[in-house]
Amino acid sequence: MQTVSTQHYEVKLEPLRAEGYNYYNRFRCSFTNKTSGDLVIDWSQTYYLQNGNRYGNFGWEGLTFEELRGINEEPDLSVGAGQTTTAVLFPLNLIGWKEKGVRMKATTPEAGFTNGVIPAGENGMSIAVIQDGKVLRKSVLVTITQE
């Protein structure tokens, strides 16, 4: 787990193993607002980082196949003064499709997606936080090794 702390907020990022497997496929992200006002996480401008490069956005635990198909813009998340919010996230560009060739067509009950393997190396997020109309950006990185 890695923590990045500024005078405005603190972000903790922890890679999580796939249930029953020995690889990582998601992150637990904890965000604490250290200010006396609201902060907004701009998920459309928050990126998954892989070995120093932006590699798309994040999905979140509980995201359904239908919701994934309808995402045009990631939702913003407002965090109140002194509050902490935690979410389980996964890189959208790493998802795997349950039915070969289906992708974004829900034509059968088997259609859908699974979280893909987060590769070994430096992984994390470039988080965009908005305070009073100004974007405060920080990167949180973890090094993943596969056994």
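Residue positions are given per chain, counting from 1 as you read along its sequence in written order. For a predicted model such as this one, the threshold for reporting local features is a pLDDT of at least 70, and the threshold for listing and counting side-chain atom pairs is 80 or more; totals across whole chains, interfaces and linings nevertheless cover every residue. Excluding hydrogens and water, the side-chain values take into account all heavy atoms of the structure.

Regarding the environment of His-8
Turning to its location among the elements, His-8 is positioned in the loop between strand 1 (2–5) and strand 2 (9–17). Taking the C-alpha atoms as reference, His-8 lies 9.8 Å from Gly-37; in sequence the two are 29 residues apart. Labels follow the DSSP assignment, with helices taken as runs of H or I lasting at least four residues and strands as runs of E lasting at least two, numbered in each case from the N terminus.

Quick look at the side chain of Gln-50
Considering the arrangement of structural elements, one finds Gln-50 in strand 5 (residues 47–50). Looking at Gln-50, the relative accessible area reads 18%, which means it is buried. Residues contacting Gln-50, with those up to four places away along its chain left out, are Tyr-55, Leu-94, Pro-119, Glu-122 and Asn-123. Each residue gets one of three labels from its accessible area relative to the maximum for its type: buried under 20%, exposed over 50%, partly exposed in between, using a 1.4 Å probe on protein chains only. The contact criterion used throughout is that any non-hydrogen atoms of two residues lie within 4.5 Å.

A short note on the nonpolar core
As used here, the term nonpolar core means buried Ala, Val, Leu, Ile, Met, Phe, Trp, Tyr and Cys residues forming a set that is joined through side-chain atoms within 4.5 Å. Core analysis: the largest hydrophobic core is formed by 24 residues, its most contacted members being Tyr-9, Phe-31, Met-125 and Ile-127. Among the secondary structure elements, those contributing two or more residues to this core are strand 2, strand 3 (24–33), strand 4 (39–42), strand 12 (121–131) and strand 13 (134–144). Not counting residues up to four positions away in its chain, the partners in contact with Phe-31 are Tyr-9, Glu-10, Val-11, Leu-39, Ile-41, Val-79, Gln-83, Thr-84, Thr-85, Ile-127 and Val-129.

Looking at the sheet that holds strand 1
By the convention used here, strands pair only if DSSP detects at least 2 bridges between them. Across the sheet, which stays open at both edges, the five strands sit in the order 1-2-3-9-7 with antiparallel pairing between neighbours. Single-partner strands in this sheet number two, and they are strand 1 and strand 7 (58–60). Each strand axis lies, on average, 30 degrees off the axis of its neighbour in the sheet, ignoring direction. Relative to strand 9 (residues 84–91), strand 7 runs antiparallel, the two being bridged by three bridges. Across the sheet, the residue bridging to Gly-59 is Phe-90, located in strand 9. Lines fitted to the C-alpha atoms define the axes, with helices restricted to the stretch that makes contact. Angles between their N-to-C directions range from 0 to 180 degrees.

Structural notes on empty space enclosed by the protein
A cavity here means a set of points on a 1 Å grid, drawn over the protein atoms and nothing else, where a 1.4 Å probe fits but cannot get out; a pocket is an open set with protein on both sides within 12 Å along at least five of seven lines, and a residue lines either one if it has an atom within 4 Å of a point. Grid points are joined across faces, edges and corners, and a volume is the space filled by probe spheres set on the points. This structure, assessed with the given rule, holds one cavity of 30 Å³ or more. Its volume calculated, the largest cavity comes out at about 40 Å³. Forming the walls of the largest cavity are Cys-29, Phe-31, Ile-41, Trp-43, Leu-77, Thr-85 and Ala-87. Listing elements by their share of the lining of the largest cavity, those giving two or more residues are strand 3 and strand 9. For the lining of the largest cavity, the residue count by class is six nonpolar, one polar and no charged. Here the term charged refers only to Asp, Glu, Lys and Arg, the term nonpolar to Ala, Val, Leu, Ile, Met, Phe, Trp, Tyr, Cys and Pro, and the term polar to all other amino acids, Gly among them.

What about the pairing of strand 5?
On strand 5, burial covers both faces: Tyr-47 and Leu-49 on one face and Tyr-48 and Gln-50 on the other are all buried. With four bridges connecting them, strand 5 and strand 12 associate as antiparallel partners. By the bridge assignment for strand 12, Tyr-47 is matched with Ser-126. Summarising the sheet, strand 5 and strand 6 (residues 53–54) pair through two bridges and their orientation is antiparallel. By the bridge assignment, Leu-49 is partnered in strand 6 with Arg-54.

Structural notes on the packing of aromatic side chains
For this analysis, a ring pair means two rings from Phe, Tyr or Trp (six-membered ring only for Trp) whose centres lie within 6.5 Å, classed as stacked if their planes differ by under 30 degrees, edge-to-face if by over 60, and tilted for the remaining angles. Evaluated as defined, the whole model comprises six aromatic pairs. Plain terms: the ring middles of Tyr-48 and Tyr-55 are 6.2 Å apart, the flat faces sit at 65 degrees to each other, and that makes the pair edge-to-face. Residue Tyr-48 is classed as buried on the basis of its relative accessible area, which comes to 0%. Following the ring pairs from residue to residue traces out a cluster consisting of Phe-27, Tyr-48, Tyr-55 and Phe-58.

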